[in-house]
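# Descriptive analysis of the structure
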Amino acid sequence: MGTWIIPADLLAESRFVVSPLHETVAALTVLSRPDANGTPWQRSFRAAYLEAYRDLLASDPMLKALDATMWRPRRGDKPGWMADFLTPPPLGDGATFEDELAQLLAWEEPRMRAELREIAGDLPVAAERPGIRDAVTELLRWIWTATVQADWPRRRRVLEADIVSRASQLASEGWAGVFDTLGTKQKKWLGDGVLQVNGYDLPTRDLSDAHELRFVPVHSDGSWLAWDLPQRYAIIYPVSGALAGTGSDGADPARALARLIGANRAGVLALLDSPRSTTQLAALTQLPVGAVGNHLRVLLDAGVVMRRRAGREVLYWRTALGEELAGSALPSDTTPE
């Protein structure tokens, strides 16, 4: 198993922070990894942006090569891995996406290719050409501007709420309680300054010379490590409560949502956990097609559903905001009264 030896003073000075760059990398993994589509918000995110992402890769052989080589998914006992140049430690409070992205300038292209070879073995021809650092920068900047930036204020609020929760947990349970909840069962506080960071057969890393340890929540179901040896380290973990309900204790969230936006509109939203057409929704809700269209127009203007033409039909489904609004309280068979 992979372990870190963390001095007491380093742990005492560690901090939880948000990182726009790591949030961007998390979004990139959801689009690039074929296994990252299991949760409702992941399906919604991929439905919204996967086609555009694939068009981007098709437009540039270098970007397509990077998509195929920058990480290796975990399979069985074979460890997953992510290129270190994608994941520099966060800069901390107030840092912008561009501030954190600028850390890529420290990577020379031969070093980046060596990192890719360690992950993927032989590289595609396109990845051997000059310009790989510019291509990585372009890819990350596209993910940020096309998929994350507009939603960053909401995402940041969710991330900061997680940090507040972790601080409370730390006060009541100590680091052992916190580490056990950072994404995977592989992270465990073993005591005596030893943290198990993953289940891989890797040498123990001593952080005695480190000056910085950060913990970074992101919208992902995966967890990874970041470092700038020998002084800066970070653990990136899945944020909790991304789709958490916010209703009062004992309240029925389905009825509360119906009171907020109307029973018919709530019923339409509930049915959009998968893409459906106006006629399908009309049949399921027993509402006139025109009424369903009006409800969809309001939901679309509010940003809680999206649409895309598929042949002769226009399909609608919930956005990430719609998933958050609906939460897990709405059963799939919710229909208007």
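You'll find the structure just up there.
A brief look at the structure comes next.

Calculation notes
- Residues numbered from 1 in each chain as written.
- Predicted model: local features only at pLDDT ≥ 70, side-chain atom pairs only at ≥ 80, totals over all residues.
- Heavy atoms only, no water.
- Helix = DSSP H or I, 4+ residues; strand = E, 2+ residues; numbered from the N terminus.
- Buried < 20%, exposed > 50% of the residue type's maximum accessible area, 1.4 Å probe, protein only.
- Contact = heavy atoms within 4.5 Å.
- Areas by Shrake-Rupley, 256 points an atom, 1.4 Å probe, with all protein chains shown as cover.
- Expected span 1.5 Å × (residues − 1).
- Axes fitted to C-alpha atoms, helices over the stretch in contact; angles between N-to-C directions.
- Parallel < 35°, antiparallel > 145°, perpendicular 65-115°, else oblique.
- Nonpolar A, V, L, I, M, F, W, Y, C, P; charged D, E, K, R; others polar.
- Pairing = 2+ DSSP bridges.
- Polar contact = N/O pair within 3.5 Å; in protein donor to acceptor, adjacent residues only side chain to side chain.
- Phe/Tyr/Trp six-rings, centres within 6.5 Å; stacked < 30°, edge-to-face > 60°.
- Lys NZ or Arg CZ within 6 Å of the ring centre and 35° of its normal.
- Salt bridge = Lys/Arg side-chain N within 4 Å of Asp/Glu carboxyl O.

### Looking at the overall build of the chain
Secondary structure assignment for the chain yields 13 helices and 13 strands. Across the 337 residues in the chain, those meeting the buried criterion constitute 47%. Taking the contacts inside the chain whose residues are at least 6 apart along the sequence as the reference set, 64% of them involve residues at least 24 apart. Accessible area for the chain stands at about 16,400 Å²; split by element, carbon and sulfur atoms hold 51% of it.

### What to know about helix H2 (residues 20-32)
Between the first and last C-alpha of H2 there are 18 Å, a value that for 13 residues agrees with the 18 Å anticipated at 1.5 Å per step. Most of H2 sits out of view: 13 of its 13 residues are buried.

### Some words on the packing of helix H10 (residues 263-271) against helix H12 (residues 289-301)
Between H10 and H12, the least distance of the axes is 10 Å, while the angle of their chain directions is 75°. The orientation of H10 with respect to H12, classified from their angle, is roughly perpendicular. From H10, Asn264, Arg265, Val268 and Leu269 reach across to H12, where they touch His295, Leu296, Val298 and Leu299. Among the residues forming the contact of H10 with H12, the class breakdown is five nonpolar, two polar and one charged.

### Digging into the sheet that holds strand E10 (residues 232-238)
Across the sheet, which stays open at both edges, the four strands sit in the order E2-E8-E10-E9 with mixed pairing between neighbours. Of all strands in the sheet, those with a lone pairing partner are strand E2 (15-16) and strand E9 (224-228), marking the two edges. Across the sheet, H2 lies against strand E8 (212-218), E9 and E10, angled at about 45° from E8, the strand it touches most. Most of the contacts of helix H8 (residues 152-179) go to E8, to which it runs at about 125°, and overall it touches E2, E8 and E10.

### Details of the side chain of Glu109
Residue placement: Glu109 occurs in helix H6 (residues 109-120). Looking at Glu109, its side chain comes within polar contact range of the main-chain nitrogen of Ile132, at 3.1 Å.

### Examining the packing of aromatic side chains
Per the counting criterion, the structure on display carries 14 aromatic pairs. Centroid distance Phe16 to Trp175: 6.3 Å. Interplanar angle 5°. Geometry classified as stacked. You can see Phe16 sitting in strand E2 and its partner Trp175 sitting in helix H8, a full 159 residues away along the chain. Assessed through its relative accessible area of 15%, Phe16 is described here as buried. Taking the relative accessible area as the measure of exposure, Trp175 reaches 17% and is therefore buried. Relative to Phe215, the ring of Trp175 lies with its centre 5.4 Å away and its plane at 35°, an arrangement referred to as tilted. Of this pair, Trp175 sits in helix H8 while Phe215 sits in strand E8, and the two are 40 residues apart along the sequence. Per residue, the accessibility class of Trp175 equals that of Phe215, and both read buried. Among the aromatic residues, those joined into a cluster by ring pairs are Phe16, Trp175, Phe179, Trp189, Phe215 and Tyr237. Here the guanidinium or amino end of Arg111 rests over the ring plane of Trp107, the centre of that ring lying 3.5 Å away.

### Looking at the sheet that holds strand E7 (residues 205-206)
Pairing between the strands of a sheet is mediated by backbone hydrogen bonds and can be parallel or antiparallel. Strand order in the open sheet formed by four strands is E5-E6-E1-E7, with mixed pairing between adjacent strands. Lying at the two open borders of the sheet, with one neighbouring strand each, are strand E5 (188-191) and E7.

### A few points about the pattern of salt bridges
For the structure on display, the rule yields 11 salt bridges. The salt bridge involving Glu128 is made with Arg117; its shortest N-O contact spans 2.9 Å. Within this pair, whereas Glu128 is found in the loop between H6 and helix H7 (132-148), its partner Arg117 is found in helix H6, the two being separated by 11 residues in sequence. Look at Glu128 and you get partly exposed, because its relative accessible area is 37%. With a relative accessible area of 39%, Arg117 lands in the partly exposed category. Note that Arg232 is salt-bridged to Asp228, the shortest N-O span being 3.5 Å. For Arg232, a relative accessible area of 16% puts it in the buried group. By relative accessible area, which is 40% here, Asp228 ends up partly exposed. Through salt bridges with shared partners, one network takes in Glu23, Asp151, Arg154 and Arg155.

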